[in-house]
Amino acid sequence: MRVVSQEPRCEKIGVVEGVGGSEKRARENALEQAADRGATHVRLDRAHPDLEDGLTFVVTAKMWTCPTADEQFPPAGYP
């Protein structure tokens, strides 16, 4: 999986929130969730403290699935 700074021109598959006791762990958690959902590319927002408890950090990650170099996007027949 690739972490990107700009949104790729691929199929967006959703958003996840990573949570952890540190900024690093929150990012790792978001990346684990994205991998579980089949994302090939992820854009991470900045980590911020959870406003409800102040003890954990939260990171929002947008996810995409991009075709490999030998695949066509958009797929044939896609409107």
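Above this note sits the structure.
First things first, this report covers the structure right here in the doc. (Residues numbered from 1 in each chain as written. Predicted model: local features only at pLDDT ≥ 70, side-chain atom pairs only at ≥ 80, totals over all residues. Heavy atoms only, no water.)

### So, the overall build of the protein chain
Convention followed: By definition, any uninterrupted DSSP run of H or I lasting at least four residues is a helix, any uninterrupted run of E lasting at least two residues is a strand, and each is numbered from the N terminus. Contacts: residue pairs with any heavy atoms within 4.5 Å of one another. To measure how exposed things are, a 1.4 Å probe is used in the Shrake-Rupley method; for residues, cover is taken only from the protein chains shown.
From N to C terminus, the protein chain includes one helix and five strands. Tracing the protein chain from N to C terminus, the helices and strands come up as β-β-α-β-β-β. Restricting to contacts in the protein chain with at least 6 residues of sequence separation, those with at least 24 account for 64%. For the protein chain, the exposed surface amounts to about 5,500 Å²; the carbon and sulfur share of it is 48%.

### Let's talk about the nonpolar core
Here is the rule we go by: For this analysis, a nonpolar core means a set of buried residues of the types Ala, Val, Leu, Ile, Met, Phe, Trp, Tyr and Cys, connected via side-chain atoms within 4.5 Å. Relative accessible area decides the class of each residue, using a 1.4 Å probe on protein chains only: under 20% of the type maximum gives buried, over 50% gives exposed, and in between gives partly exposed.
Counting residues in hydrophobic clusters, the biggest one holds seven residues: Val16, Ala30, Ala34, Ala39, Val42, Ala61 and Met63. Mapped by element, the contributors of at least two residues to this core are α1 (23-36) and β5 (57-65). Ignoring anything within four residues of it in the chain, the contact list for Ala61 reads Gly14, Val15, Val16, Ala30, Val42, Arg43 and Leu44.

### With respect to the pairing of β5
Our working rule: DSSP-based pairing: two strands are paired if at least 2 bridges between them are found.
Inspection of the sheet shows strand β2 (residues 11-20) paired to β5 by nine bridges, in the antiparallel sense. The partner of Gly14 across the bridge, within β5, is Met63. Of the pairings in the sheet, the one linking strand β3 (residues 41-44) to β5 comprises four bridges and is antiparallel in character. When the sheet's bridge partners are listed, Val42 is paired in β5 with Met63. Bridge count between strand β4 (residues 48-49) and β5: two bridges; the pairing is antiparallel. Counted as the bridge partner of His48 is Val58 from β5.

### Quick look at the pattern of salt bridges
The condition that has to hold: The term salt bridge refers to a pairing of a side-chain nitrogen on Lys or Arg with a carboxyl oxygen on Asp or Glu at a separation within 4 Å.
Throughout the structure, instances matching the rule amount to five salt bridges. Residue Arg43 pairs with Glu7 through a salt bridge whose shortest N-O separation is 3.9 Å. Here Arg43, found in strand β3, pairs with Glu7, found in the loop between β1 (2-3) and β2; they are 36 residues apart in sequence, far enough to count as distant. Glu7 serves as the salt-bridge partner of Lys62, at 3.5 Å between the closest nitrogen and oxygen. Taken together, the residues Lys62 in strand β5 and Glu7 in the loop between β1 and β2 connect sequence positions 55 residues apart. Each of the salt bridges in this network shares a partner with another, and the network as a whole consists of Glu7, Arg43 and Lys62.

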